[in-house]
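Descriptive structure summary
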Amino acid sequence: MGEETEKKIIEAIKSNFQDAIEEAEVLRPKRISITVRNNKMFEVARFLRDRLKFDYVLSVGAVDYIKENRFQVIYYLLSSKEKVVLMLRTNIPRDKPFTPSLISVWEAVNYHERETWEMFGITFKGHPNLTRLLLPEDWEGGYPLRKDFKLSSSEGG
Amino acid sequence: MTKKNQTRRLIVWDVFNQVYKKIIGWGRKYSLWPAHFITGCCCPEFMQVAGPRYDMERFGILPLPSIRQADVLVIIGVLTRKMASRVKMLWEQMAEPKYAMAIGACPIDKGPFYDSYSVVRADEIIPVDVYVPGCPPRPEAMIQGFMILQKKVEEGV
Amino acid sequence: MSEKSSKQVMRISWGPQHPMSGQVRILIDTDGERVLNIIPDIGFTHRGIEKILENRNIVQGVVPIERMVMVDTANIALSYVRAAEEILGIEPPKRAQYIRVIICEVCRILSHLYGFGLAAEACGGYPAVFLWSTADREPFLDLMERITGTRWSYSFFVPGGVYADFPDKIKEKFLATLEYFEERLEAYRRAWFENKIFESRAKDVGILKPEDAIRLGAAGPNLRGSGVALDVRKDEPYEVYDEIDFRVITQPEGDSYARLMVRYLEMVESVKIIRQAIENMPSGPYRKFVSPLKRLPKGEAYSRVETARGELGVHMISDGGTKPYRIKITSPTLRNLYVVSQMPKITEVLLADVPVILYSFDPWYLDADR
């Protein structure tokens, strides 16, 4: 089976948000990845939920590209009708890690955004409860999943 | 009191003491009650020890809901910083005589998570009497751990 | 005037040491018997697996990640190994795929038996059904020990195939165990599902409508217990699930009884899958050797696997070294716990129903904490 559904989804996104989309590609059957400018995240998210029916949130994560001085926040979404996974990505600068919270679009991102804040230090503006989820209450050690937080077994750690 | 009577009294008291200690030791070692408490992933193997094939209740080991009436604090599986403060609180609530066991490779020396940022060793928190290594330890190993503890209980009366 | 109701809210802390043994603290806000808020406080078993896996190569990495859920290790290890194979661009031989499917389905049975036993104890204090489920795991653990060498955490999957082939005469042992297990399933049905006490405790308790299940992000049998037919084994068949005939189990009611019924019927389906896989398994090689010191090509892969608790995904990003640059694990229990915390807002929850609802979602907190 070809990738017609995936290609149609990419066409619909590109035709509605030409200048906000930095990258959009079909990685393989049933996997789409789009990178969106941070100031248009909210509109793209609403479009994905209402018009393209991406209604199920799998998770929210981030990647620390320390050499390029940026974070990349990734939302993993699933369409329950088409059964396609879409990765909604956005790049933010490492020294100003702010991004709008999408909790008003999908309320299921609640715990996942909290965990990403705790592990990376990325502030989700608009989240009602950015408090500790997994680490102990009196944790003072920094942000564990950043690349400059070294474990005892890493080189230089 | 004549000297002969005094010596006789001392001998009777000594014999009585020895028999008394033996009975108390027998009673204590066959009723070691741990509290319902698990910390990590070795717990399914502990459930199998409680099950019909390996039946730990024939040794008198019966899990108990309340920590105040428990004799043994069994640390089963990985111990993290957040749980460690609760373990200290539980240990201080227990009444004397009390014992502690560390089951699994993780509470002994962090196991496969040796370089994790949030795992601690059990004997940094409470004084441990018996260590049972394995990942997870076989049910027979856990029962042997309990038998070593029983010998310690009997001799320590 | 007694129009102004004086709501006195009491917060109960159901701490990490409690009779139902789980590594979580649940804060329950109640007004009398009515529950206003359920707040799970997790993180008691957070080991930092995502950070540790950045320091392990693709063969070593199976060991920490499969200790995420001890009763269901094969499905989780499969997700990691499939992501590595997608980046490397290799496919394991057919015999290895059949072996993987058989071990994964046995793990699904083990996990559902465990969840079943705990739910039985939560609903009526039924230590009998809990100990039955403990005893019925033993024949399967013996089988796994004969094949892989250990009872629980096998570390048997490796990128390229499996570590060893099935031993001789294992087929007869499988068929004997499955026959024994089918009699036991019949006993469970009579003792549990035709039981008035269980019906009164679990029917119409914690009703989750299908639109709420998708909106709040329920996973696995909890989603299928509300009538939504999402199962990765059918939506995106992996390994040899497209060559095996089985169906996706759903129940329309959405209450705790339906969720436990879905788990029970999934065990029946797993027995069917194992039988077919054993019959149709081809002969041939069981491993395509991949060196652990091999440099991974630059790229990324997102693999999805249906574990017993729901869909688990591993997103592996590689920058060309021997160890992955970033591993992100999508945990099903974290999604389920959010649904539990929203339960008092979508339906009426009484204090005595809280354990029944919580254990009908089958949470495993090491999965949520990673």
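What counts and what doesn't
- Residues numbered from 1 in each chain as written.
- Chains lettered and ligands numbered in written order.
- Predicted model: local features only at pLDDT ≥ 70, side-chain atom pairs only at ≥ 80, totals over all residues.
- Helix = DSSP H or I, 4+ residues; strand = E, 2+ residues; numbered from the N terminus.
- Rg over C-alpha atoms; globule rule 2.2 N^0.38 Å.
- Buried ≥ 20, exposed ≤ 12 C-beta atoms within 10 Å, placed from the backbone.
- Contact = placed C-beta atoms within 7 Å.
- Nonpolar A, V, L, I, M, F, W, Y, C, P; charged D, E, K, R; others polar.
- Pairing = 2+ DSSP bridges.
- Right-handed = clockwise from strand over helix to strand, strands pointing away.

To continue, consider the overall build of chain C. Assigned secondary structure in chain C consists of 14 helices and eight strands. Relative to the 2.2 N^0.38 estimate, which gives 21 Å for 370 residues, the radius of gyration of chain C is 21 Å and therefore close to what a compact globule would have. Overall, chain C is about 80 × 50 × 35 Å in size when its C-alpha atoms are taken along their principal axes. The proportion of buried residues among the 370 residues of chain C is 54%. Considering only residue pairs separated by 6 or more positions, chain C has 71% of its internal contacts joining residues 24 or more positions apart.

This paragraph deals with the overall build of chain B. Across its full length, chain B holds five helices and three strands. Of the regular secondary structure in chain B, the N- to C-terminal order runs α-α-β-α-β-α-β-α. A globule of 157 residues ought to have a C-alpha radius of gyration of about 15 Å, yet chain B, at 19 Å, is considerably larger. Looking at chain B as a whole, 41% of its 157 residues are labelled buried.

Further remarks concern the interface of chain C and chain B. Tallying the contact residues gives 29 residues for chain C and 31 residues for chain B. When the residues that make up the side of chain C that touches chain B are grouped by side-chain class, the tally is 13 nonpolar, 11 polar and five charged.

Another aspect to go through is the interface of chain C and chain A. Contact residues are listed per partner, giving 26 residues for chain C and 25 residues for chain A. Looking at the side of chain C that touches chain A, the elements that each hand over two or more residues are helix 1 (49-52), helix 8 (210-216), strand 7 (310-318), strand 8 (326-330) and helix 12 (332-346) of chain C. Each residue belonging to the side of chain C that touches chain A can be placed in one class, and the counts come to nine nonpolar, eight polar and nine charged.

Looking along a regular strand, one sees side chains alternate from face to face of the sheet. Residues and elements named next belong to chain B. Counting buried positions over the five residues of strand 2 (residues 99-103) gives five, a clear majority of the element. The alternating pattern of strand 2 places Tyr-99, Met-101 and Ile-103 on one face and Ala-100 and Ala-102 on the opposite face, and all of these are buried. As paired strands, strand 1 (residues 72-76) and strand 2 are joined by five bridges and run parallel to one another. When the bridges of strand 2 are listed, Ile-76 appears paired with Ile-103. For the segment spanning strand 1, helix 3 (residues 81-93) and strand 2, crossover handedness is right-handed. Pairing geometry for strand 2 and strand 3 (residues 130-132), over three bridges, is parallel. When the sheet's bridge partners are listed, Ile-103 is paired in strand 3 with Val-132.

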